[in-house]
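Next come the chains, spelled out residue by residue.
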Amino acid sequence: MGIRKYAVIGALALAGVSMFGLSAKAEDVKLTVWSLDRDIQPAPNLVADFNKLNNGIQIEYRQIQFDDVVSEAMRAYSTGQAPDIIAIDNPEHALFSSRGAFLDLTDMISKSTVIKPENYFPGPLKSVEWDGKYYGVPKATNTIALYYNKDMFKAKGLDPNKPPQTWDELVEAARKLTDPAANVYGLAFSAKANEEGTFQFLPWAQMGGGSYENVNSEGAVKALEVWKTIMDEKLASPDTLTRGQWDSTGTFNSGNAAMAISGPWELDRMTQEAKFDWGVTLLPVPQEGAERSSAMGDFNWAIFASTKHPEEAFKALEFFASQDDKMFEKYGQLPARSDITIPATGQALKDAGLKVFLEQLKYAKPRGPHPEWPKISKAIQDAIQAALTGQASAKDALDQAAEKIKAVLG
């Protein structure tokens, strides 16, 4: 009887072992995850799928707002109320890592059979590094390109197979496509005074030969002047200054803008909402033959150093990473990994758009990484707002930004 009794106990124990090696406990370990993902995006769904494993770990999910991520997360950490896991915008990762707020995952990653650094694209992987160590795991990656309404191109006598390739061509096309009587703007993009504005503008500065360390270069000034022309001539909606990328692309989907600068996260929504023929092309360059650039976006997973359950939190990250091959199929987001091939969806417009974004990723450049990136980005945002609202010329606005950034860089 004694042998049978222990055999039964052993069998029950083995039944509680999950694929990630943690046995179920009498009381589940409770973790919290913060992210800005909505219900149609990865984080809440990954959390729900993880909880279904019943592996002794349960995760509570909280959605936070984009503008509040840094301030709220830092405040929570400083007061001992940080979540176990957070999804943080990649250029802001260094801010937390450099201050000891994120857990060093280097040893855990070296032993993991799921998370392997060599499988990630260099850019996203670099964004989770600090001082030669890994303080997170890339969640996904993305970039931006130009969506355009082929039906509107045809209606205005423009060749739908020849979208604008240079800044001058973009402005000229926007002039022809803008139709106030029909409530149609030539272009939709985001110049909002937050990271989205920096995300959209910095590639233009980079294509003009600038960078965040040299944000007032002649080419960067020219880029901001082009943006000002677009706004001054009402080729884009006035609320371009106050709305984010999601809402600005909604203007394009609804037929109230002929072109939109946005990312691959919109491909699913575009396929579902847009009632017209559309295409995607690479971001226009200053002039033919100029160097290309684009933004490198999306978020990273990180574990706060204050967590009481580091091993369990890392098991959660391993599960999230194990689902990377479903990122595009389920959520329209590009995995940050080079070892994953995204299969064709069978939807012609979506597949054609995906090819353009994958091509655009070749030219994507990171923002930073720098521990003081929020301050650097804020200087750029202020310059954009000052120039586009007429408070300063593009040159003066970027000169002021350069001074602020120089003070931050030391």
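The structure reproduced in this document is the subject of the present report. Please read these numbers as outputs of a predicted model, since none were measured by experiment.

Rules used in this analysis
Residues numbered from 1 in each chain as written. Predicted model: local features only at pLDDT ≥ 70, side-chain atom pairs only at ≥ 80, totals over all residues. Heavy atoms only, no water. Helix = DSSP H or I, 4+ residues; strand = E, 2+ residues; numbered from the N terminus. Buried < 20%, exposed > 50% of the residue type's maximum accessible area, 1.4 Å probe, protein only. Contact = heavy atoms within 4.5 Å. Areas by Shrake-Rupley, 256 points an atom, 1.4 Å probe, with all protein chains shown as cover. Lys, Arg positive; Asp, Glu negative; His and termini not counted. Charge placed at Lys NZ, Arg CZ, Asp CG, Glu CD. 1 Å grid on protein atoms, 1.4 Å probe; cavity = no way out; pocket = protein on both sides within 12 Å on 5 of 7 lines; lining within 4 Å. Points joined across faces, edges and corners; volume = space filled by probe spheres on them. Nonpolar A, V, L, I, M, F, W, Y, C, P; charged D, E, K, R; others polar. Pairing = 2+ DSSP bridges. Axes fitted to C-alpha atoms, helices over the stretch in contact; angles between N-to-C directions.

What the chain contains, in helices and strands, is 17 helices and 12 strands. Taken along its principal axes, the extent of the C-alpha atoms in the chain is 90 × 50 × 35 Å. Within the chain, the fraction of its 410 residues that count as buried is 57%. Considering only intrachain contacts with a sequence separation of at least 6, the fraction spanning at least 24 residues in the chain is 78%. Taken as a whole, the chain presents about 17,700 Å² of accessible surface, with 51% of it coming from carbon and sulfur. Averaging the locations of the 43 positively and 53 negatively charged side chains of the chain gives two centres separated by 3 Å.

With that settled, consider the layout of surface pockets. Empty space within the largest pocket amounts to approximately 740 Å³. The wall of the largest pocket is formed by 28 residues, among which Leu36, Arg38, Phe66, Glu196 and Trp246 lie closest to the centre. When its residues are assigned to classes, the lining of the largest pocket shows seven nonpolar, nine polar and 12 charged. Here the second largest pocket is characterised by a volume of approximately 270 Å³. In this structure, the second largest pocket is lined by 16 residues; those nearest its centre are Phe66, Asp67, Val70, Glu92 and Glu195. Secondary structure elements with two or more residues in the lining of the second largest pocket: helix H3 (69-78) and helix H16 (373-388). With four residues, the top contributor of residues to the lining of the second largest pocket is H16.

Two strands in a sheet stick together by hydrogen bonds in their backbones, pointing the same way (parallel) or opposite ways (antiparallel). The antiparallel open sheet is built from three strands, whose spatial order is S8-S7-S9. Looking at which strands have only one partner, the edges of the open sheet turn out to be strand S8 (259-262) and strand S9 (278-281). Taken over all neighbouring pairs, the strand axes of this sheet differ in orientation by 25 degrees on average, direction set aside. Where strand S7 (residues 145-149) meets S9, four bridges bridge the pair, whose relative direction is antiparallel. Bridged to Tyr147 within S9 is Val280. Along the sheet face, helix H15 (residues 348-360) touches S7, S8 and S9 and points at about 10 degrees away from the line of S9.

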